[in-house]
Amino acid sequence: MSGTSSLHWLIGRLDLSSLPILPALANPTPSEIVAAVAALMVILGGLGVAVLITWRGWWTSLWRDWLTSTDHKRIGIMYIVLALVMMVRGVLEGVVMRAQQAAGLDGGFLSDGHFAELFSTHGTIMIFFVAMPFIAGLINYVMPLQIGARDVSFPMLNQVSLALTAIGAALVMISLVLGKFSTGGWPAYPPYTGIAFNPGEGPDYWIWSVAIAGLGSTLSGLNFVVTIFKERAPGMKLFDMPLFTWTVLCTAIIMVFAMPPLTVATLTLALDRYLDFHFYTNDLGGNMMNYVNLFWLFGHPEVYLLILPAFGIFSEVISTFSGKCLYGYKSLVYATMVISVLSFTVWLHHFFTMGQSAHVNAAFGVASMFIAVPTGVKVYDWMATMFRGRIRLTVPMIYATGFLTLFVIGGLTGVMLANPTISYQVHNTLFLVAHFHNVIIPGVLFGLLAGYHYWFPKAFGFRLNERWGAISALFWITGFAFTFFPLYVLGLMGMPRRSASYVDPSFEPLTWVAMFGAALIFCALATLLIQLRVSIRDRAQTQVPLGDPWDGRTLEWSIPSPPPEYNFAIVPRVVGRDAFAEAKERGQGYPKPAGYEDIEMPRNTMLGMVVLIGGTALGLALVWYIWWLAVLSLVVMIGAFIAKSFVPEPHRIIPATEVAAAHEAWLAAIAKASPVTRAQETSAENRGLAALEMPEGAA
Amino acid sequence: MTPYSSDHRAEVRHYLVGFALALTLTALPFGLVAWGGVARIWVLAIVAGCAIIQTVVHLRYFLHLDLSRQKREDVLLILFSTLILSIMAGGTIWIVFNLAGRM
Amino acid sequence: MSKHDTIHPGLNLGEHHGAAHDKAEIGAFGFWIFLMSDLIIFGLMFALYVTMQNPMGQAGGPGPKELFDLTSALIQTMLLLVSSLSFGLASLALRHHRSRAELTFWLALTLLLGLAFLSFEARDFAAMFAADAGPSRSGFLSAFFGLVPLHGLHVASGCLWLLIMLIQIRTLGLSDLVKSRLLKLGLFWHFLDIVWIGIFSIVYLGGLA
Ligand code: HEM
Ligand SMILES: [Cu+2]
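Residues numbered from 1 in each chain as written. Chains lettered and ligands numbered in written order. Predicted model: local features only at pLDDT ≥ 70, side-chain atom pairs only at ≥ 80, totals over all residues. Heavy atoms only, no water.

Novice: Would you mind going over the overall build of chain B in detail, with residue names and values included?
Specialist: Counting its secondary structure elements, chain B contains three helices and zero strands. The N-to-C order of helical and strand elements in chain B reads α-α-α. Computed over the C-alpha atoms, the radius of gyration of chain B is 19 Å, more than 25% above the 13 Å expected from 2.2 N^0.38 for a compact globule of 103 residues. Per-residue burial for chain B yields a buried fraction of 42% across its 103 residues. Taking as baseline every contact in chain B between residues at least 6 positions apart, the subset at least 24 positions apart corresponds to 57%. Per element, the accessible surface of chain B, about 5,700 Å² overall, is 72% carbon and sulfur. (Helix = DSSP H or I, 4+ residues; strand = E, 2+ residues; numbered from the N terminus. Rg over C-alpha atoms; globule rule 2.2 N^0.38 Å. Buried < 20%, exposed > 50% of the residue type's maximum accessible area, 1.4 Å probe, protein only. Contact = heavy atoms within 4.5 Å. Areas by Shrake-Rupley, 256 points an atom, 1.4 Å probe, with all protein chains shown as cover.)

This is the structure we're talking about:
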């Protein structure tokens with residue numbers, strides 16, 4: 001018996017060749033070296049963070065204040081940190097792919113398999129571990145504040161959802177160091193990801209990271225729906241909710257109903273791979289078309305799940321920085337609802353070419369085109385909101401203008417693709433890649449970045465640097481245009497997507513233009529990180545402890561920055577829309593409460609960490625066939641939940657005197673402070689108290 | 001043993017009514033399949049009809065849903081879920097059968 | 001009994017009063033949403049089953065007529081239906097503040113019926129495996145074993161949950177927490193019976209008709 005097989009029970013199918021660094025030493029091709037460098041970056045990055053934390057002595061506070069916290073604000077911030085870390089990897093991968101295609105005439109520097117791994121990880125990461133956690137983070141932070149709640153309905157479940165998302169991200173990161181990720185693209189179609197074609201660990205990494213993170217999203221969605229229905233401040237009717245909260249409600253409903261098809265698709269694929277089922281195999285009655293159908297039953301609602309909160313953010317940003325209430329609030333709400341329902345009726349447009357009859361294609365094509373109508377309504381509403389407003393071109397507004405112009409182009413190419421005959425022509429070409437990046441980057445990503453700039457001062461008590469922010473935003477906008485507009489042309493010229501190389505020299509010039517754009521996007525990412533560094537360094541000049549740096553309109557601006565853990569010292573009574581803006585106009589923005597009460601808050605819990613560690617172990621065990629570890633981690637996790645259920649839910653009381661002291665101190669600071677006008681918005685004088693000004697023309 | 005309150009007894013009766021209905025709606029399709037004598041398409045139609053009615057019976061008698069104002073939101077959630085499910089499941093069956101027919 | 005007290009286990013999203021009641025209400029609402037999400041999973045497994053229950057999916061292997069046993073399906077159906085009733089009586093015992101023994105009796109009966117259901121189901125599966133009709137045999141059988149045992153798995157976790165609740169009734173007493181958990185378990189149990197209506201109608205009766 002050889003050494004590895006005698007260890008088989010212990011380490012499954014892991015062996016030394018699973019480490020990418022050794023093959024790179026044995027066979028130093030460029031492709032292997034890139035893989036080894038990536039692995040080293042993960043290892044060194046992880047070690048570096050661990051060393052830094054130890055050196056600064058941060059472990060206890062990390063554990064107590066963050067990892068075991070059930071505070072929705074801290075959970076939200078952790079989601080966003082996760083998203084930013086993963087975004088660095090995702091963008092770098094995008095840049096490497098653009099470099100490969102620029103050099104790709106008759107070759108390039110990466111092997112085909114490595115390129116395939118790159119677009120698979122890039123797509124998976126960008127959707128599941130950048131866009132989704134970024135959204136979940138912003139929702140977590142902002143939505144409870146906007147509805148005047150002290151927390152989400154199920155704080156512990158919230159922590160578990162974060163853990164489930166983090167497990168998925170951890171598995172994708174580990175796949176850089178142990179073995180390989182899938183090469184099957186982000187939808188992972190069988191039979192390409194079936195066991196017969198690919199018996200390796202790659203598809204299994206994809207399955208478990210996506211399935212586990214997907215479960216986390218389902219539970220987040222559930223939590224958000226309940227929170228919005230049950231925790232709104234007294235007096236706040238559904239049609240008084242800020243628009244962001246409305247889009248969150250619709251997104252959360254989509255999460256609840258659209259993640260299950262993904263769960264079904266991934267787990268049935270797993271049954272095929274692990275237990276010799278035949279859902280999607282080529283032989284014995286499997287039908288791989290079923291997988292495609294199931295995946296897009298999830299996949300299409302997913303893109304609306306991503307874009308709707310971005311629409312919500314732009315609504316808040318445009319309204320605030322135009323100093324006007326939203327034009328056509330109700331039409332925006334109805335448009336959001338219509339989009340959510342329609343998003344469940346169009347999934348087939350992702351596989352018009354599968355072979356069903358023209359009637360089926362026509363029905364789904366027409367349904368797809370309909371979505372443009374409510375979306376168009378929204379664009380006009382935003383423009384009308386800006387019309388004659390007191391517009392300030394702060395960083396979020398730069399993103400908003402970039403969004404309004406670029407997103408319309410992306411939407412128009414979407415309407416083109418909704419036409420089955422056109423789709424047949426450009427299916428699987430770079431035209432499609434250009435289209436979806438054109439809606440996802442200016443739409444989702446710009447929205448998220450706008451939200452990051454907009455709410456950052458709320459979360460941390462100081463503003464982000466405007467100059468670096470503007471530079472970064474302009475890099476994103478121009479970089480996007482240079483990277484992706486050429487791909488429309490390349491697609492129409494017939495260049496297939498997912499090509500590691502090509503033989504037609506006429507493709508080459510435009511791939512170089514796209515490479516230049518990718519370099520600009522790289523600068524955008526770099527300046528974004530520089531901005532964060534600079535902003536932290538200069539934070540003494542940008543303090544906004546009083547809480548309202550942008551003359552905000554909704555409840556989250558009516559409390560200190562950063563907010564106390566209980567958010568609202570006194571739960572506000574809400575009358576009407578834009579509650580805080582109205583109160584400020586009446587001169588009652590900061591009422592003195594009649595009295596204070598004790599506040600009950602949930603205690604910290606380790607449950608999320610048990611899930612994080614147990615779930616990561618479970619995922620790895622399944623990927624590498626380490627059965628004892630799979631059983632063990634599952635038993636430990638279930639056991640932890642059961643044990644927890646025997647301990648009555650612990651609470652912690654914050655005494656009224658403590659609440660009163662903090663709140664009174666803040667009110668006193670407000671009474672002393674001098675309000676700033678919008679002209680001084682980005683100067684050091686802005687400490688978060690807005691002067692009452694009437695926007696021109698709004699009277 | 002303490003005697004049951006009249007409320008309690010009324011509610012037990014409620015459950016029993018539901019149980020009897022469910023029983024009938026189970027016996028009918030099972031009997032039909034067991035003893036046959038009816039065209040297959042009719043059997044299938046009756047099985048489907050009984051299943052739908054029995055689902056409503058369960059919702060009504062075991063889960064206590066009705067059309068009163070108070071429960072309107074509950075009913076709406078269920079109807080919405082049913083709508084989404086029928087779009088998904090119905091669409092899937094339509095698409096895959098259409099494909100199979102062309103292979 | 002006030003009016004709204006008589007409605008559990010139900011959804012009850014309307015406006016109500018009382019802090020403990022509100023909390024249970026929020027929990028029940030969340031649980032209903034979870035069930036609706038689960039419903040989509042079941043619905044899609046049904047759709048997969050329907051698309052694979054044909055000669056192409058059977059791939060020359062055995063079909064419903066060779067595999068399914070109507071009597072066994074009927075027995076399982078009855079076990080679940082009676083268990084729904086017994087759970088209902090347990091909820092009534094809880095709400096009308098009957099003795100703890102009475103509540104325990106109905107819950108234990110429900111648990112036994114659930115276990116009986118599972119053993120009949122397991123027996124059927126074992127017979128199928130013995131006849132070389134496991135999930136590896138064909139796409140159709142894969143879809144069957146993806147759907148029916150998924151329901152079985154739910155029932156099994158319901159049984160585990162029941163067992164835990166029987167213990168917690170003793171250790172934690174009939175606290176608000178325990179009551180609201182029993183409420184959710186009731187929703188779960190009745191929901192599984194509704195899914196079973198789909199299974200016996202589509203899989204067993206549809207296959208044998
Ligand atoms: C930030 C700069 C980005 C660059 C430079 C970039 C670049 C690329 C490239 C080169 C590809 C492969 C195209 C091909 O198939 O030939 C790709 C695919 C893809 N990208 Fe991006 N991308 C970026 C951002 C994003 C973002 C923000 C998202 C989503 C949130 C995203 C989602 C995807 C997806 C889903 C795929 C398809 C993967 C597959 O083929 O399965 N990308 N991207
Ligand atoms: Cu789509």
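Novice: Got a sec to walk through the coordination of the iron atom of ligand 1? Specific residues and values, please.
Specialist: Taken together, the protein donors to the iron atom of ligand 1 comprise His122(A) (NE2) and His437(A) (NE2), at separations of 2.0 Å. Among the residues examined, His122(A) registers a relative accessible area of 13% and is labelled buried. (Donors = N, O, S within 2.8 Å, 3.2 Å for Na, K, Ca; no water.)

Novice: Outline the site of ligand 1, supporting the account with residue identities and numerical values.
Specialist: Residues and elements named next belong to chain A. The immediate surroundings of ligand 1 are formed by 23 residues, with His122, Trp186, His437, Arg497 and Arg498 found nearest. For ligand 1, an oxygen atom lies 3.4 Å from a polar atom in the side chain of glutamine 101. Those elements giving two or more residues to the shell around ligand 1 turn out to be helix H6 (72–102), helix H7 (112–146), helix H17 (430–460) and helix H18 (466–493). With six residues, H17 is the largest single contributor of residues to the shell around ligand 1. Split into classes, the residues belonging to the shell around ligand 1 amount to 14 nonpolar, six polar and three charged. (Near = heavy atom within 4 Å. Polar contact = N/O pair within 3.5 Å; in protein donor to acceptor, adjacent residues only side chain to side chain. Nonpolar A, V, L, I, M, F, W, Y, C, P; charged D, E, K, R; others polar.)

Novice: How would you explain the coordination of the copper ion (ligand 2) if you had to name every residue and give the values?
Specialist: Think of it this way: four donors in a tetrahedron around the metal ideally sit 109.5 degrees apart, and six in an octahedron ideally sit 90 or 180 degrees apart. All names here are of chain A. Bound to the copper ion (ligand 2) on the protein side are His300 (ND1), His349 (NE2) and His350 (NE2), at distances that span 1.8 to 2.0 Å. The sequence pattern describing where the donors of the copper ion (ligand 2) fall on their chain is H-x48-H-H. A relative accessible area of 19% places histidine 349 in the buried class.

Novice: Kindly report on the interface of chain B and chain C, identifying the contributing residues and their values.
Specialist: Listed by partner, the interface residues are 50 residues for chain B and 53 residues for chain C. Buried area between chain B and chain C, both sides added, is near 4,300 Å², and the carbon and sulfur share of it is 77%. Taken as a group, Tyr15(B), Phe30(B) and Leu63(B) account for 16% of the area that chain B buries against chain C, more than any other trio of residues on that side. Connecting chain B to chain C are one salt bridge. Residue Arg95(C) is joined to Glu11(B) by a salt bridge in which the shortest nitrogen-to-oxygen separation is 2.0 Å. Put simply, chain B and chain C have five residue pairs in polar contact (both at pLDDT 80 or more) between them. Of all the elements in the fold, those that place two or more residues in the side of chain B that touches chain C are helix H1 (6–35), helix H2 (40–62) and helix H3 (72–101) of chain B. (Buried area = accessible area lost by both parts, 1.4 Å probe. Salt bridge = Lys/Arg side-chain N within 4 Å of Asp/Glu carboxyl O.)

Novice: An account of the packing of aromatic side chains is requested, with residue identities and associated values reported.
Specialist: Residue and element names in this part refer to chain A. Tallied over the full model, the rule gives 66 aromatic pairs over all chains. Between the aromatic rings of tyrosine 189 and tyrosine 291, the centroid separation amounts to 6.4 Å while the plane-to-plane angle is 80°, which identifies the pairing as edge-to-face. A residue pair is termed long-range when its members are at least 10 positions apart, and tyrosine 189 in the loop between helix H8 (155–177) and helix H9 (202–230) and tyrosine 291 in helix H11 (residues 289–322) qualify at 102 residues. Exposure remark for tyrosine 291: the relative accessible area of 0% places this residue in the buried category. Centre to centre, the rings of phenylalanine 431 and tyrosine 488 are 5.1 Å apart; their planes meet at 65°, and the pair counts as edge-to-face. Of the two residues, phenylalanine 431 is situated in helix H17 and tyrosine 488 in helix H18; the sequence distance between them amounts to 57 residues. Taking relative accessible area as the criterion, tyrosine 488 reaches 9% and is therefore assigned buried. (Phe/Tyr/Trp six-rings, centres within 6.5 Å; stacked < 30°, edge-to-face > 60°.)

Novice: Describe in detail the interface of chain B and chain A, supporting the description with residues and values.
Specialist: Contacts between the two partners involve 13 residues from chain B, matched on the other side by 21 residues from chain A. For the pair chain B and chain A, the summed buried area comes to about 1,600 Å², and 80% of that belongs to carbon and sulfur atoms. Broken down residue by residue, the surface that chain B buries against chain A is led by Met88(B), Ile95(B) and Leu99(B), which jointly contribute 34%. The interface formed by chain B and chain A contains zero salt bridges. Our enumeration of links across chain B and chain A arrives at three residue pairs in polar contact (both at pLDDT 80 or more). A per-class count over the side of chain B that touches chain A returns eight nonpolar, four polar and one charged.

Novice: Can you break down the pairing of strand S1 (residues 599–602) of chain A residue by residue, with the values?
Specialist: Residues and elements named next belong to chain A. A one-sided burial pattern is seen for S1, the buried positions being Ile599 and Met601 and the unburied ones Glu600 and Pro602. With four bridges joining them, S1 and strand S2 (residues 651–654) adopt antiparallel strand pairing. For isoleucine 599, the partnering residue across the bridge sits in S2 and is isoleucine 654. (Pairing = 2+ DSSP bridges.)

Novice: So what's going on with the packing of helix H22 (residues 627–646) of chain A against helix H6 (residues 139–171) of chain C? Residues and values would help.
Specialist: In the contact formed by H22(A) and H6(C), the axes pass within 11 Å of each other and the chain directions differ by 30°. Here H6(C) runs roughly parallel to H22(A), going by the angle between their axes. The interaxial crossing formed by H22(A) with H6(C) has right-handed handedness. Here Ile642(A), Ser645(A) and Phe646(A) of H22(A) come into contact with H6(C), specifically with Leu160(C), Ile164(C), Ile167(C), Gln168(C) and Thr171(C). In the contact of H22(A) with H6(C), the residues fall into five nonpolar, three polar and no charged. (Axes fitted to C-alpha atoms, helices over the stretch in contact; angles between N-to-C directions. Parallel < 35°, antiparallel > 145°, perpendicular 65-115°, else oblique. Left-handed = near helix turned anticlockwise from the far one by under 90°.)

Novice: Talk me through the nonpolar core; I want residue IDs and the actual numbers.
Specialist: By size, the foremost hydrophobic cluster in this structure holds 283 residues, and its most contacted members are Trp476(A), Phe68(C), Phe144(C) and Tyr204(C). Element by element, the count of residues in this core is highest for helix H7 (residues 176–208) of chain C, at 19 residues. If we skip the residues at most four places from it in the chain, Trp476(A) touches Met87(A), Val91(A), Tyr399(A), Leu445(A), Phe446(A), Leu449(A), Ile521(A) and Ala524(A). In terms of nonpolar packing, the next biggest core, distinct from the first, is built from nine residues, Ala569(A), Tyr596(A), Met601(A) and Ile654(A) among them. (Core = buried A, V, L, I, M, F, W, Y, C linked by side-chain atoms within 4.5 Å.)

Novice: I'd like a description of unusual backbone geometry, backed by residues and values.
Specialist: Residues and elements named next belong to chain A. Along the chain, proline 190 connects to proline 191 via a cis peptide bond; the corresponding omega equals 5°. Mapped onto the fold, proline 191 is located in the loop between H8 and H9. For the bond running from serine 561 to proline 562, omega is -15°, close enough to zero to count as cis. Structurally, the position occupied by proline 562 is in the loop between helix H19 (508–537) and helix H20 (579–585). Even without being glycine, asparagine 567 reaches a positive phi, approximately 65°. Residue classification places asparagine 567 among the buried residues on the basis of a relative accessible area of 1%.

Novice: Kindly report on H1(B), identifying the contributing residues and their values.
Specialist: Its 30 residues give H1(B) an end-to-end C-alpha distance of 43 Å, which sits within 8% of 44 Å, the value for a rise of 1.5 Å per residue. Positive phi appears at Gly36(B), one or two residues downstream of H1(B), with a value of about 60°. (Expected span 1.5 Å × (residues − 1).)

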